[in-house]
Amino acid sequence: MTENTGGKHGSAPGSRGRTTIADVVVEKIAGMAARDVLGVHALGSGFARSMGSMRERMPGAGSGKSVTRGVSVEVGELQAAIDLEIVVDYGVSIPDVASDVRENVISAVERMAGLEVVEVNIAVSDVKLPDEEDEGEQQRVQ
């Protein structure tokens, strides 16, 4: 959303108005950036993922996974703080994955939204084991 606050005609175009960025925009950027990291299986707790899975199967509820599941943000005028809840793949180094997620999220939000990211808090809520079925997947009858 952009508002024009007037300004002198001789001033630079970038200073003639105000740009505001909605929280959901930062949530989507952070969610996509976190999912791009190798070792991140999913975002959100098991309960949130199962509720989202049910929601996705309802007609008219939208298509695809919710990009903002497991992501919450606080956005100010110049800064943002981000909380993520992730599920990691079994066998990966959790501290390394968390560090990579933090780095990727900060880079994406600062580059795309122009906000300074003051913190990215990561809660690892589960580990996806190789023989576990994803919630929402249905077994096929053989």
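Each remark here, short or long, concerns the structure printed above.
Just so it is clear, the model here is predicted, and its values are computed rather than measured.

Conventions we followed
Residues numbered from 1 in each chain as written. Predicted model: local features only at pLDDT ≥ 70, side-chain atom pairs only at ≥ 80, totals over all residues. Heavy atoms only, no water. Helix = DSSP H or I, 4+ residues; strand = E, 2+ residues; numbered from the N terminus. Core = buried A, V, L, I, M, F, W, Y, C linked by side-chain atoms within 4.5 Å. Buried < 20%, exposed > 50% of the residue type's maximum accessible area, 1.4 Å probe, protein only. Contact = heavy atoms within 4.5 Å.

Chemist: What should I look at first to understand the environment of V24 in this one?
Modeler: Structurally, V24 can be placed in helix α1 (residues 23–35). Separated by 48 residues in the primary sequence, V24 and S72 place their C-alpha atoms 8.8 Å from one another.

Chemist: I would appreciate a short explanation of the nonpolar core in the present structure.
Modeler: One recurring pattern in soluble globular proteins: nonpolar side chains tend to sit buried together. If you look at the biggest cluster of nonpolar residues, it comprises 26 residues, and the most contacted ones within it are I82, L84, V101, V105 and V109. Those elements giving two or more residues to this core turn out to be α1, β3 (40–43), β4 (71–75), β5 (79–89), α3 (94–113) and β6 (116–128). Element by element, the count of residues in this core is highest for α3, at 7 residues. Residues in contact with V105, not counting those within four places in the same chain, are A30, A33, A34, I82, L84 and V120.

Chemist: I keep staring at the environment of V124 and nothing clicks. Help me out?
Modeler: Its location among the elements puts V124 in strand β6. Taking C-alpha positions, V124 is 5.8 Å from E85, a pair spaced 39 residues apart along the chain. Contact partners of V124, with chain neighbours within four places excluded, come to I86, V88 and I94.

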